[in-house]
Amino acid sequence: MFKNIILSFLFITMFSFKVIAQQSSQKLTLPFSETYKANNFMFISGQIGIDENTGKLVGSSFEAEANQVMKNIATLLKKEGLNFSDLVSVTIYLKNMDNYQLTNGVYSAYFKDKFPTRVCVAVSDLPAQANIEITAIASLKTN
């Protein structure tokens, strides 16, 4: 019995590593950079509400999905020692403009004093059946 448990554990572990490796290689084959620095700016590719821990779209509500998008942007900013006050321009893509006010509610909670410039447009579809996607440009801090 103990031998069967060990064999089952090894099989599950090997299968998990294979799935993780496939997910990692898929991530690497996408033809864009998550961020790109040039001329004292950091350009952030479109972020959707994918939870980094699960790899799945947060789907409990529109607000939860929008919050996850903002958390993803925060993570990318933090990697460069930046925060939301460093954003200078944001573009928001919504599958349904009925979510415009909900978007503003979630979005405004991440800013203190000033907002970056912004445009919000309706689109017919987004990757992974997302309802919202946000791309941004941040000003890099110079020493």
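Structure: see above.
Residues numbered from 1 in each chain as written. Predicted model: local features only at pLDDT ≥ 70, side-chain atom pairs only at ≥ 80, totals over all residues. Heavy atoms only, no water.

**Student:** Any chance you could break down the packing of aromatic side chains for me, citing the residues and the numbers?
**Tutor:** Under the definition given, this model contains six aromatic pairs. With centroids separated by 5.3 Å and ring planes inclined at 55°, the aromatic side chains of F84 and Y110 adopt a geometry described as tilted. Of this pair, F84 sits in the loop between α2 (62-79) and β3 (87-94) while Y110 sits in the loop between α3 (100-108) and β4 (117-122), and the two are 26 residues apart along the sequence. Plain terms: the ring middles of Y107 and F115 are 6.3 Å apart, the flat faces sit at 15° to each other, and that makes the pair stacked. An aromatic cluster is defined as three or more aromatic residues linked by ring pairs; in this entry it consists of F84, Y107, Y110, F111 and F115. (Phe/Tyr/Trp six-rings, centres within 6.5 Å; stacked < 30°, edge-to-face > 60°. Helix = DSSP H or I, 4+ residues; strand = E, 2+ residues; numbered from the N terminus.)

**Student:** Which residues make up the nonpolar core, and what are the values?
**Tutor:** Nonpolar side chains in soluble globular proteins tend to end up buried together. Membership of the largest hydrophobic core comes to 24 residues, with the highest contact counts inside it found for L77 and L87. Broken down by secondary-structure element, the contributors of at least two residues to this core are β2 (41-47), α2, β3, α3 and β5 (132-139). Counting residues per element, this core draws most heavily on α2, at seven residues. Beyond its immediate sequence surroundings of up to four residues, L87 is in contact with I44, L77, F111, P116, A136, I137 and A138. (Core = buried A, V, L, I, M, F, W, Y, C linked by side-chain atoms within 4.5 Å. Buried < 20%, exposed > 50% of the residue type's maximum accessible area, 1.4 Å probe, protein only. Contact = heavy atoms within 4.5 Å.)

**Student:** If you had to explain the packing of α2 against α3 to someone new, which residues and values would you point to?
**Tutor:** Direction vectors running N to C along α2 and α3 enclose 40°, while the axes themselves pass 10 Å from each other. With respect to each other, α2 and α3 are oriented oblique. Crossing handedness for the pair α2 and α3: right-handed. On α3, the residues that touch F62, E63, A66, N67 and M70 of α2 are L102, T103, V106 and Y107. Grouping the constituent residues of the contact of α2 with α3 by class yields six nonpolar, two polar and one charged. (Axes fitted to C-alpha atoms, helices over the stretch in contact; angles between N-to-C directions. Parallel < 35°, antiparallel > 145°, perpendicular 65-115°, else oblique. Left-handed = near helix turned anticlockwise from the far one by under 90°. Nonpolar A, V, L, I, M, F, W, Y, C, P; charged D, E, K, R; others polar.)

Read these as spatial facts, not as claims about activity.
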